[in-house]
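Structure at a glance
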Amino acid sequence: AQRVTQPEKLLSVFKGAPVELKCNYSYSGSPELFWYVQYSRQRLQLLLRHISRESIKGFTADLNKGETSFHLKKPFAQEEDSAMYYCALLSGGSNYKLTFGKGTLLTVNP
Amino acid sequence: SQTIHQWPATLVQPVGSPLSLECTVEGTSNPNLYWYRQAAGRGLQLLFYSVGIGQISSEVPQNLSASRPQDRQFILSSKKLLLSDSGFYLCAWSPPMGENIQYFGAGTRLSVL
């Protein structure tokens with residue numbers, strides 16, 4: 001069965017510092033991975049996905065199949081990045097079901 | 001453009017009472033529809049998903065049920081609520097084909113007392 005692990009419930013950094021939110025997955029097939037974000041008083045929304053290979057709001061994430069990881073990184077954190085971040089896995093046998101991690105609450109301090 | 005509506009935003013219900021949460025999607029046809037429960041420290045748990053009218057798949061055994069009476073309507077129900085049903089419920093949709101991106105509603109905060 002697929003599983004997504006986000007080891008950090010809370011992560012606190014200062015503005016301008018680099019930030020890395022960790023995500024590891026367990027899946028025997030070919031995964032499709034996503035990062036979703038929920039800002040305060042806003043809806044959960046897609047931040048980025050690995051197949052797009054794009055940078056959104058300065059964030060990037062690289063799929064490392066050897067380490068089964070999909071860590072989210074940003075070189076210089078901003079206060080507006082403070083939010084709850086969820087890593088999610090779409091299993092290859094279905095285009096319906098996402099398995100979410102438990103989330104990491106990022107706080108960027110001034 | 002597509003929009004997703006969920007209501008009510010908050011709900012307080014006594015134990016043993018029935019439940020009906022509604023979700024509708026506009027601006028798309030034959031969407032995949034989902035109900036999640038979001039709990040602090042536990043992430044998002046998929047409860048039900050549907051790929052078409054009358055087609056419901058349940059992910060976890062529970063006191064809840066789901067129905068899809070129309071193409072763009074998804075309802076979460078219970079005949080008798082339990083205290084453990086309290087939580088934040090999210091509805092989501094995704095396109096039937098193509099991009100595997102899910103779009104979420106604003107959620108319903110359910111408190112069972």
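Notes on the structure follow. As the structure is a prediction and not an experimental result, all values here were calculated from the model.

Quick look at the state of the cysteines
Residue and element names in this part refer to chain A.
- One pass over the full model with this rule turns up two disulfides over all chains.
- Disulfide partner of Cys23: Cys87, at an S-S distance of 2.0 Å. Because the sign of the S-S torsion sets the handedness, a value of about -65° for the bond joining Cys23 and Cys87 places this disulfide among the left-handed ones. One end of the pair, Cys23, is in the loop between β3 (19-21) and β4 (24-26); the other, Cys87, is in strand β9 (residues 83-90), with 64 residues separating them in the sequence. Both residues of the pair, Cys23 and Cys87, count as buried.

Overview of the sheet that holds strand β3 (residues 19-26) of chain B
Residues and elements named next belong to chain B.
- Read across the open sheet, the four strands follow the order β1-β3-β8-β7; overall the sheet is antiparallel. Both outer strands of the open sheet, β1 (3-7) and β7 (65-70), are each paired with one neighbouring strand and no more. Each strand of the sheet is rotated relative to its neighbour by a mean of 20°, with strand direction disregarded.
- As paired strands, β1 and β3 are joined by five bridges and run antiparallel to one another. Bridge pairing in β3 links Gln6 to Cys23.

A short note on the nonpolar core
- Counting 24 residues, the largest nonpolar core has A:Trp35, A:Leu72 and A:Tyr85 as the members making the most contacts within it.
- Listed by contribution, the elements that provide at least two residues to this core are β2 (10-14), β3, β5 (32-38), β6 (45-49), β9 and β11 (104-109) of chain A.
- Sorting elements by how many residues they give to this core places β9(A) first, with four residues.
- By size, the runner-up hydrophobic cluster in this structure holds 21 residues, among which are B:Val60, B:Leu64, B:Trp93 and B:Val112.

Details of the interface of chain B and chain A
- In this complex, chain B contributes 21 residues to the contact, which on the side of chain A involves 17 residues.
- Approximately 1,800 Å² of surface area, both sides summed, lies buried where chain B meets chain A, with 53% of it carried by carbon and sulfur atoms.
- By the criterion of area lost to chain A, the three top residues of chain B are B:Leu44, B:Asn100 and B:Phe104, representing 31% of everything that side buries.
- Our enumeration of links across chain B and chain A arrives at zero salt bridges.

Some remarks on the sheet that holds strand β7 (residues 60-61) of chain A
- Across the sheet, three strands lie side by side as β3-β8-β7 (chain A); this open sheet has antiparallel pairing. Either end of the sheet is taken by a strand with one partner, and the two such strands are β3 and β7 of chain A.

Quick notes on the pattern of salt bridges
- Summed over the entire model, instances satisfying the criterion amount to five salt bridges over all chains.
- Between A:Lys74 and A:Asp81 there is a salt bridge whose closest N-O contact spans 2.8 Å.
- Relative accessible area serves as the criterion here: at 2%, A:Asp81 is assigned to the buried category.
- In this structure, B:Asp71 engages B:Arg68 in a salt bridge whose closest nitrogen and oxygen atoms are separated by 3.3 Å.
- On the accessibility criterion, B:Arg68 (3% relative accessible area) is buried.
- The network of salt bridges with shared partners includes A:Glu20, A:Lys22 and A:Lys73.

As for the environment of A:Leu63
All names here are of chain A.
- Its location among the elements puts Leu63 in the loop between β7 and β8 (72-74).
- By relative accessible area, Leu63 is classed as partly exposed at 23%.
- Sequence separation between Leu63 and Arg53 is 10 residues; the distance between their C-alpha atoms is 9.4 Å.
- Once you skip the residues sitting within four places of it in the chain, Leu63 turns out to touch Tyr25, Leu33, His50, Ser69 and Phe70.

Quick notes on the pairing of β9(A)
All names here are of chain A.
- Of all eight residues in β9, seven are buried; the element is thus mostly enclosed.
- For β5 and β9, the ladder comprises seven bridges, and the chain directions are antiparallel. By the bridge assignment, Trp35 is partnered in β9 with Cys87.
- Looking at chain direction, β9 and β11 are connected through three bridges and run antiparallel. Pairing of Ala83 across the sheet is with Leu106, part of β11.

Here is what the cut-offs are and how they apply
Residues numbered from 1 in each chain as written. Chains lettered and ligands numbered in written order. Predicted model: local features only at pLDDT ≥ 70, side-chain atom pairs only at ≥ 80, totals over all residues. Heavy atoms only, no water. Disulfide = S-S within 2.5 Å. Helix = DSSP H or I, 4+ residues; strand = E, 2+ residues; numbered from the N terminus. Buried < 20%, exposed > 50% of the residue type's maximum accessible area, 1.4 Å probe, protein only. Pairing = 2+ DSSP bridges. Axes fitted to C-alpha atoms, helices over the stretch in contact; angles between N-to-C directions. Core = buried A, V, L, I, M, F, W, Y, C linked by side-chain atoms within 4.5 Å. Contact = heavy atoms within 4.5 Å. Buried area = accessible area lost by both parts, 1.4 Å probe. Salt bridge = Lys/Arg side-chain N within 4 Å of Asp/Glu carboxyl O.

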